[in-house]
Protein chains: 4
Amino acid sequence: MILEGALTVFSAQGFRGATIDQVAEAAGLSKPNVLYYFASKEDIYRSLLTGLLDMWLDPMRMIDPNGEPLAEIQRYVAAKLQMSRDYPRESRLFANEVLQGAPLLNEILGGQLRDMVDDKAGIFNGWIEAGRLAKVDPRHLIFSIWALTQHYADFETQVRAILGEEHDPYAEAQQFLSTLYDRLLAPDRG
Amino acid sequence: MILEGALTVFSAQGFRGATIDQVAEAAGLSKPNVLYYFASKEDIYRSLLTGLLDMWLDPMRMIDPNGEPLAEIQRYVAAKLQMSRDYPRESRLFANEVLQGAPLLNEILGGQLRDMVDDKAGIFNGWIEAGRLAKVDPRHLIFSIWALTQHYADFETQVRAILGEEHDPYAEAQQFLSTLYDRLLAPDRG
Amino acid sequence: MILEGALTVFSAQGFRGATIDQVAEAAGLSKPNVLYYFASKEDIYRSLLTGLLDMWLDPMRMIDPNGEPLAEIQRYVAAKLQMSRDYPRESRLFANEVLQGAPLLNEILGGQLRDMVDDKAGIFNGWIEAGRLAKVDPRHLIFSIWALTQHYADFETQVRAILGEEHDPYAEAQQFLSTLYDRLLAPDRG
Amino acid sequence: MILEGALTVFSAQGFRGATIDQVAEAAGLSKPNVLYYFASKEDIYRSLLTGLLDMWLDPMRMIDPNGEPLAEIQRYVAAKLQMSRDYPRESRLFANEVLQGAPLLNEILGGQLRDMVDDKAGIFNGWIEAGRLAKVDPRHLIFSIWALTQHYADFETQVRAILGEEHDPYAEAQQFLSTLYDRLLAPDRG
DNA sequence: TATGAATGAGCCTTCATTCAT
DNA sequence: TATGAATGAAGGCTCATTCAT
């Protein structure tokens, strides 16, 4: 499918760096034939981004306000990390887009995404006030989850260069992040 | 200066997205004159990357094996965050490069950088064994510092879209990260 | 019908400017289906031109050697002007073709059309010699009729821009041309 | 010069039919070099049209309200015919543009040109009221001059095909048109 | 050093035409 | 007949690079 090939190409080269020829090649089609299905290069890119957005934000949606706070957040962290492992191209696609100022996603970032973050931040604040979660800034907590999980996809080259072949970065990261959020978020006992 | 303009352009557009014309314009020179000083577009880009690398890694070099562990690490975190605030273009430049597989920096990542990380990981392990630092994977600890601090520069568009105009992301981040690493790294008392 | 749509498109855009897609759209067919009936774009264009040629030259054929000279010519002028009014697309189609050097019609121009003009010129000369028509070059007389009548179709945009909405160009033109050819062609009395 | 080559190409092929390659070839330059001087194909075409417009309308400007009516008009006719002979490419360029609905010149036709025609029509009407010119519609008189003179440039292919090699179309046309306008415009004596 | 001019290579896109059904 | 799908060949335009001065 075209979007499959486009994902590979755009995530690896960025929008400007990618060529329709590469997308066509990756999809096993001729260049004009790709443009038979999509009006333009930008149309492919846009379809890709918006088409993947929902899936990308799915883990956050699944945070359950009625769940156990630490478990919910750890589950979210684990799900995000798993997404980085399973869908690193998607992660890099979004990273590329945001890195360059999010020319296409800007409205969504300040709209749909912001709303969703506000919603979750509200939940976290509720938990904090109830003493079920340590006091931290909920939005920066979310940023930290994004940063720490997506890092393994977006900076994979660097991670692998430093760790070498023997390591399983994601398994180690899961361990590390589990510890990190336990210690950060466990409410003070006493 | 040419590299100054090139930094702005390459960090905002990526290598393929940037044009020599834009670099020349940003530097106040004509295009052929830029190419009088640099042999090619790639030469500019390479000079930029390697020229900034030392500065970029400076904060890590300053971790003092003989210092107080938590203070050293918090100082490192604060320095990295400050660099994201003061040099976001540099952060994005490196992010772009690594995101696309680090075609130019690959050797350095697996060489100089890996060595430096190994060195610091050794220090951290020493501290851990001495009971002066909580037990965490030292390399992933370093990754976490990179991810959490550079996120504010690399994903600035997203951070601002979510926080809105009123917030000072870096001040809040400093607070958050300070808490995070305190809780994560304080050795078990008792 | 395909040629009906093709006439609209080719007369408005010229051969190179028209696309088979536009022709197909105008005809309510799919592009491959248009090419099922016509071998190629040029084939459509050629069929259109040659198919309309006879109709286009009909008024000239109807000049009656046995008629009253002035009346015959005035009738021809009126018929040509009426054709410009009723069939402006045809007029523009031929104008486009001739303007670009008549790549397809060249042989017809120097053959069939030239013969017909020669024939009518002979008739006019007979009338002139008989003192029934003022002495003018009969071929340039024919050119003048073509130029003056087709102008209102071919340069319609300009005519309308200059006259504005209120005018009826063709009615005025009929009046003007009637006067013109009366004065030009009435044999000297006396 | 580029516009020289562009004139040849655009007048012979129309805007859509012409290619930048042809313009470049006609100008003795490479294709990108043409685009070094003009921003786009349309920019070349526009420059050509607007740059030639003043020259094209010059003969009409020279009609002298204080001159002898018939002589002024005959001079205008002769000048226009001479322009068709000397600048047939310009004539065809404008014909192509107007034929296709004057997408670029439309404003000028309804503005500057219309004003000029209105002005001259006023002069003609003055002459008519003074009994120095036969009564004819002054605007259609102007259309007739355009049609009859430009015909020899725009339909040159047809004119030559019909007249054959031996004739000098323009010399004959001058004779014919001189007679035509004398008879049309001479005020009734008596 | 500095730059106006020039160009080969490449990229996005269009389009006539063909293929498969 | 009819059409969705496919493509080779072009054409407009960009851009890194080179040339000439």
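Each chain carries its own residue numbering, running from 1 in the written order of its sequence. Written order decides the labels, with chains lettered from A and ligands numbered from 1. Only residues with pLDDT of at least 70 are given local features in this predicted model, and only at 80 or more are side-chain atom pairs given and counted; all residues enter the totals for whole chains, interfaces and linings. Side-chain calculation: all heavy atoms of the structure are included, whereas hydrogens and water are not.

*Asks:* Outline the overall build of chain A, supporting the account with residue identities and numerical values.
*Replies:* Helix and strand counts for chain A come out as 10 helices and zero strands. A run of H or I in DSSP becomes a helix once it reaches four residues, and a run of E becomes a strand once it reaches two; helices and strands are each numbered from the N terminus. Ordered by position from N to C terminus, the α and β elements of chain A give α-α-α-α-α-α-α-α-α-α. Projected onto its principal axes, the C-alpha positions of chain A cover 70 × 40 × 25 Å. Relative accessibility under 20% of the residue-type maximum defines a buried residue, over 50% an exposed one, and the middle range a partly exposed one, all with a 1.4 Å probe and only protein chains included. The burial tally for chain A puts 52% of its 190 residues in the buried class. Within chain A, residue pairs in contact and separated by at least 24 positions form 70% of the contacts whose partners lie at least 6 positions apart. Working note: accessible area of chain A is about 8200 Å², and carbon and sulfur atoms make up 48% of it. Contact criterion: two residues are considered in contact whenever any of their non-hydrogen atoms come within 4.5 Å of each other. Using a 1.4 Å probe, the Shrake-Rupley method yields the accessible areas, and only the shown protein chains count as cover for residues.

*Asks:* Account for the UniProt feature "domain: HTH tetR-type" (unreviewed entry) in chain A, naming residues and giving values.
*Replies:* Summarizing the sequence annotation, UniProt attributes the feature "domain: HTH tetR-type" (unreviewed entry) to residues 1-56 of chain A in the numbering used throughout. In residues 1-56 of chain A, helix accounts for 84% and strand for 0%; the two terminal C-alpha atoms are 20 Å from one another. UniProt positions are given in the numbering used here, feature names are shortened, and annotations may be inferred rather than shown by experiment.

*Asks:* Just give me the short version of the UniProt feature "DNA-binding region" (unreviewed entry) in chain A, but keep the residues and values in it.
*Replies:* Here, the residues flagged by UniProt with the feature "DNA-binding region" (unreviewed entry) are residues 19-38 of chain A. Taken end to end, residues 19-38 of chain A has its terminal C-alpha atoms 14 Å apart, with 75% of it in helix and 0% in strand.

*Asks:* Please give an account of the protein's contact with DNA strand E that cites residues and values.
*Replies:* With respect to spatial proximity, 27 residues lie near DNA strand E, and among them Tyr37(B), Lys41(C), Ser30(D), Asn33(D) and Tyr37(D) are the closest. In these notes, residues near a molecule or strand are those with any non-hydrogen atom within 4 Å of it. Atoms of DNA strand E within 4 Å of the protein: sugar and phosphate make up 57%, bases the balance. In this structure, a phosphate oxygen belonging to DNA strand E sits 3.0 Å away from a main-chain N or O atom of Ile20(A). In protein, a polar contact means a hydrogen-donor-capable atom and an acceptor-capable atom, both N or O and within 3.5 Å, with residues adjacent in sequence counting only if both atoms are side-chain atoms; elsewhere, any N or O pair within 3.5 Å suffices. One of the side-chain N or O atoms of Asn33(D) is found 2.7 Å from a sugar or linking oxygen in DNA strand E. Within the residue set of the surface near DNA strand E, elements represented by two or more residues are α3 (31-37) of chain A, α3 (31-37) of chain B, α3 (31-37) of chain C together with α3 (31-37) of chain D. Gly falls in the polar group here, along with every residue not listed as nonpolar (Ala, Val, Leu, Ile, Met, Phe, Trp, Tyr, Cys, Pro) or charged (Asp, Glu, Lys, Arg). By residue class, the composition of the surface near DNA strand E is 14 nonpolar, eight polar and five charged.

*Asks:* Break down the packing of aromatic side chains for me, citing the residues and quoting the values.
*Replies:* Residues and elements named next belong to chain D. Centres within 6.5 Å are what make two rings of Phe, Tyr or Trp a pair, Trp counting through its six-membered ring; a difference in plane orientation under 30 degrees is then read as stacked, over 60 as edge-to-face, and the rest as tilted. This model, assessed by the stated rule, comprises 36 aromatic pairs over all chains. Here the aromatic rings of Phe10 and Phe15 are separated by 5.9 Å at their centres, their planes lie at 10 degrees, and the arrangement is stacked. Looking at Phe10, the relative accessible area reads 1%, which means it is buried. Relative accessible area serves as the criterion here: at 25%, Phe15 is assigned to the partly exposed category.

*Asks:* Please give an account of the relation of the copies chain B and chain A that cites residues and values.
*Replies:* Least-squares superposition of the copies uses the C-alpha atoms of those residues scoring a pLDDT of at least 70 in each of them. Once chain B has been moved 0.0 Å along the axis and rotated by 180 degrees, it coincides with chain A to within an RMSD of 0.2 Å. Each copy turns onto its partner about a two-fold axis. Here 100% of the interface residues in chain B have copies in chain A that are interface residues too; the copies meet face to matching face.

*Asks:* How would you explain the domain arrangement of chain A if you had to name every residue and give the values?
*Replies:* All names here are of chain A. What counts as a domain boundary in this text is fixed by an automatic or database domain assignment. When the domains of chain A are assigned, the result is domain 1 (1-38) and domain 2 (41-185). Taken over C-alpha atoms, the centre of domain 1 sits 27 Å from the centre of domain 2. At the interface, 15 residues of domain 1 touch 13 residues of domain 2. When two parts are put together, the accessible area they lose, computed with a 1.4 Å probe and summed over both, is reported as buried area. For the domain 1 and domain 2 pair, buried surface summed over both sides reaches about 1400 Å², with 73% attributable to carbon and sulfur atoms.

*Asks:* Go over the interface of chain C and chain D with me, naming the residues and quoting the values.
*Replies:* Contacts between the two partners involve 52 residues from chain C and, on the opposite side, 52 residues from chain D. Between chain C and chain D lies a buried interface of about 4700 Å² when both sides are counted; carbon and sulfur atoms form 66% of it. Connecting chain C to chain D are 12 residue pairs in polar contact (both at pLDDT 80 or more). Of all the elements in the fold, those that place two or more residues in the side of chain C that touches chain D are α1 (2-17), α6 (88-99), α7 (106-129), α8 (138-154), α9 (156-163) and α10 (169-185) of chain C. When residues of the side of chain C that touches chain D are assigned to their parent elements, the largest contribution, 12 residues, is made by α8(C). The residue inventory of the side of chain C that touches chain D, partitioned by class, reads 26 nonpolar, 17 polar and nine charged.

*Asks:* Please give an account of the relation of the copies chain C and chain D that cites residues and values.
*Replies:* For the pair chain C and chain D, the best superposition has an RMSD of 0.2 Å and corresponds to a rotation of 180 degrees with a translation of 0.0 Å parallel to the axis. An overlap of 100% is found between the interface residues of chain C and their copies at the interface of chain D, pointing to a shared contact surface.

*Asks:* Can you explain the pattern of salt bridges? Please cite residues and give values.
*Replies:* Any two side chains of opposite charge can pair if their charged atoms end up close together. Residues and elements named next belong to chain D. Think of a salt bridge as a Lys or Arg side-chain nitrogen and an Asp or Glu carboxyl oxygen that are within 4 Å of each other. One pass over the structure, following the stated rule, counts 46 salt bridges over all chains. Measuring nitrogen to oxygen at the nearest pair gives 2.8 Å for the salt bridge that ties Glu156 to Arg92. With Glu156 in helix α9 (residues 156-163) and Arg92 in helix α6 (residues 88-99), the pair connects residues that are 64 residues apart, well separated along the chain. For Arg92, a relative accessible area of 15% gives the class buried.

*Asks:* Quick rundown of the interface of chain B and chain A? Include the residues and the values.
*Replies:* In this assembly, 52 residues from chain B lie in contact with 52 residues from chain A. Carbon and sulfur atoms make up 66% of the surface buried where chain B meets chain A, a total of about 4700 Å² over both sides. Of all residues in chain B, the largest losses of buried area upon contact with chain A belong to Leu99(B), Ile162(B) and Arg183(B), amounting jointly to 16% of the total for that side. Inspection of the chain B/chain A interface yields zero salt bridges. On inspection of chain B and its partner chain A, the count reaches 12 residue pairs in polar contact (both at pLDDT 80 or more). At the level of secondary structure, the elements contributing two or more residues to the side of chain B that touches chain A comprise α1 (2-17), α6 (88-99), α7 (106-129), α8 (138-154), α9 (156-163) and α10 (169-185) of chain B. Tallying contributions element by element places α8(B) first for the side of chain B that touches chain A, with 12 residues.

*Asks:* Report on the protein's contact with DNA strand F, specifying residues and quantitative values.
*Replies:* Around DNA strand F, the surrounding shell holds 27 residues, and the nearest of these are Ser30(A), Asn33(A), Tyr37(A), Lys41(B) and Tyr37(C). The sugar-phosphate share of atoms of DNA strand F within 4 Å of the protein amounts to 59%. Contact between DNA strand F and Asn33(A): a sugar or linking oxygen at 2.7 Å from a side-chain N or O atom of the residue. Counting residues per element, the ones that place at least two in the surface near DNA strand F are α3 of chain A, α3 of chain B, α3 of chain C together with α3 of chain D. A class-by-class count of the residues in the surface near DNA strand F yields 14 nonpolar, eight polar and five charged.

*Asks:* Go over the side chain of Ser11(D), please, and point to the residues and values.
*Replies:* All names here are of chain D. By the element assignment, Ser11 lies in helix α1 (residues 2-17). Using a relative accessible area of 2% as the deciding quantity, one classes Ser11 as buried. Among the polar contacts listed, one links the side chain of Ser11 to the backbone oxygen of Thr8, at a separation of 3.2 Å. Beyond its immediate stretch of four places on either side in the chain, Ser11 contacts Ala6, Arg89, Arg92, Leu93 and Asn96.

*Asks:* Outline the environment of Leu29(A), supporting the account with residue identities and numerical values.
*Replies:* Residue and element names in this part refer to chain A. With respect to the helices, strands and loops of the structure, Leu29 is situated in the loop between α2 (20-27) and α3. Residue Leu29 is classed as partly exposed on the basis of its relative accessible area, which comes to 32%. With near-sequence residues (within four places) excluded, Leu29 lies in contact with Ile2, Ala24 and Val34.

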